[in-house]
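# Per-entry structural report
In case you want the letters, here they are:
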Amino acid sequence: DPPRTNVVDEHHVLKVEVSQPNLAANTTAAYFDEPVFYDQPREGIEHVTHVTEDQLEHALSGAHGRSDAVMAQQLSNMELTERLSSTELAMLEATLKGKKAREALLALADQSVFLTPPAAEIPSTAPPDMAAQQMIFARTIAYVVKTIPTLPDFFATRTINQYHERPPEPGQTWKTAPGDRSLHQGESSKAAVHFRNGKEVIEGEVTREKNGYVPHVMPTFNHSEPPTERQHGERTMLDTVGTFGPILAAVLKGATTPGSSVTWSRWEQGIRGPQAVFRYRVPQETPLYLVGSKYLTIDDRVIPFEKQARFHGEIAVDPATGEIFRLTMQADLEPRLPLIRSDIMVEYGPVVMAGKTYICPARAVSIARQRKIVDIQEWAESFKVYGPFETNLSDMAYTKYHKFHSTFRILPGYTPGPDDK
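None of the values given here were measured: they were computed from a predicted structure.

## Description of the packing of aromatic side chains
Scanning all chains against the criterion turns up nine aromatic pairs. On the basis of an interplanar angle of 70° and a centroid distance of 5.0 Å, the ring pair of W264 and W267 is categorised as edge-to-face. Taken individually, W264 and W267 each receive the classification buried, so the pair is uniform in this respect. Plain terms: the ring middles of Y295 and F305 are 6.5 Å apart, the flat faces sit at 90° to each other, and that makes the pair edge-to-face. Of this pair, Y295 sits in strand β13 (residues 273-296) while F305 sits in strand β14 (residues 302-317); the two residues are ten residues apart in sequence, bridging distant segments of the chain. Overall, F305 belongs to the buried group, its relative accessible area being 14%. Taken together, the aromatic side chains of F137, W264, W267 and F278 make up a single cluster linked through ring pairs.

## Structural notes on the packing of helix α3 (residues 86-93) against helix α4 (residues 99-110)
When two helices pack together, you describe them by how their axes are tilted relative to each other and by the distance separating the axes. One way to put it is that α3 packs onto α4 with a least axis distance of 10 Å and a crossing angle of 165°. It follows from the interaxial angle that α3 and α4 lie roughly antiparallel. α3 and α4 meet at a crossing whose hand is right-handed. Note on element contacts: α4 touches α3 through R102, L105, L106 and A109, opposite L89, L92 and E93. Broken down by class, the residue content of the contact of α3 with α4 amounts to five nonpolar, no polar and two charged.

## Quick word on the side chain of K175
With respect to the helices and strands, the residue K175 is situated in the loop between β5 (154-165) and β6 (183-196). The exposure class of K175 is buried, given its relative accessible area of 17%. Among the polar contacts listed, one links the side chain of K175 to the side chain of D9, at a separation of 3.0 Å. The contact partners of K175, leaving out residues within four places of it in the chain, are V8, D9, E34, P35 and V36.

## Focus on the pairing of β6
Most of β6 sits out of view: ten of its 14 residues are buried. Across eleven bridges, β5 lies against β6 in antiparallel orientation. Opposite N161, over in β6, you have S188 as the bridge partner. Where β6 lies against strand β7 (residues 199-209), eight bridges are found, and the strand directions are antiparallel. Across the sheet, the residue bridging to H194 is V201, located in β7.

About the thresholds
- Residues numbered from 1 in each chain as written.
- Predicted model: local features only at pLDDT ≥ 70, side-chain atom pairs only at ≥ 80, totals over all residues.
- Heavy atoms only, no water.
- Phe/Tyr/Trp six-rings, centres within 6.5 Å; stacked < 30°, edge-to-face > 60°.
- Buried < 20%, exposed > 50% of the residue type's maximum accessible area, 1.4 Å probe, protein only.
- Helix = DSSP H or I, 4+ residues; strand = E, 2+ residues; numbered from the N terminus.
- Axes fitted to C-alpha atoms, helices over the stretch in contact; angles between N-to-C directions.
- Parallel < 35°, antiparallel > 145°, perpendicular 65-115°, else oblique.
- Left-handed = near helix turned anticlockwise from the far one by under 90°.
- Contact = heavy atoms within 4.5 Å.
- Nonpolar A, V, L, I, M, F, W, Y, C, P; charged D, E, K, R; others polar.
- Polar contact = N/O pair within 3.5 Å; in protein donor to acceptor, adjacent residues only side chain to side chain.
- Pairing = 2+ DSSP bridges.

Below you can see the structure in the form of structure tokens.
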């Protein structure tokens, strides 16, 4: 492991010892250490302002008269210290007129989804005793085991907005981390998500680039595997699989596996009143959560990388019914992997279909941070190297729910004709 450095091309000599006589070792005897060999904290390379929810509201309230670009830049330089709820996000979005500022606000809010909410949103109610905690969690397991498989067939519109860091400037070296790690909206897509027989089916996905539509239609395929974050294409696109049913089953199965732990965290104010929040940890690598990226081989090939991951997170549930309104999955990845972060948050809410209320996905956020692979042209040679780490974010919204069902109506005053007898 090279030591951390802020110096470009820091030269190191390696001492090589061969333990047995008459053996030759063909090896590198020196190397150049680079700052990007390790990830660097954002605060060390750019100015970042840490703000609370109240401070963010105050900043936006005093933004009247500022241009859209200036407001977007101010939001891009902020980092929340507490979670911004979907309700508060919608209220703040309504105060912004510019598209760039709204996009920057969404990226700011999405990066806060794994944080604790503001103290005002945490009831001061004493935690339930151990027996009551076990009863609440038992209701949650029953909800997933009994309710999810009996959900009717329905479909919804899924809208995905992808966020990326800015591309490097012309002539910028790959050896140092970029001075701007703010996220900016790139591709977006829409698709119909069908939930049939407990499985997700994506149909007719159309992707739109930032500068216009791209004739890219995804084929229909089934999602019955565990929740996954995949990254594909020349530009990283996060694809989170299993937000309807599989992710719920994966979290509870992992949390209740021997060796895993589930502990009480806190009460949290929800849309229907106080929600019980549990913290869980799955300490063993498991196929319940697969994470994916890409890595560079010694012969200059880029190979897909997929790994079973340990993970932890939170589950927020209705204490009376066990209904899940929010959950997170955060991968615990060991050092020196090309992927150092892979997190998912899914938020659920009540949806009325055909006169009945169901709890369905409303919003999902995926965040990944992995090494960039850079093409180099030097010394009359072309080759690839690992560059700085980069963050990618995927924001998903589920709307326009419809239930598959047939209807019939009996018309009064019907008289059979001769052909009907």
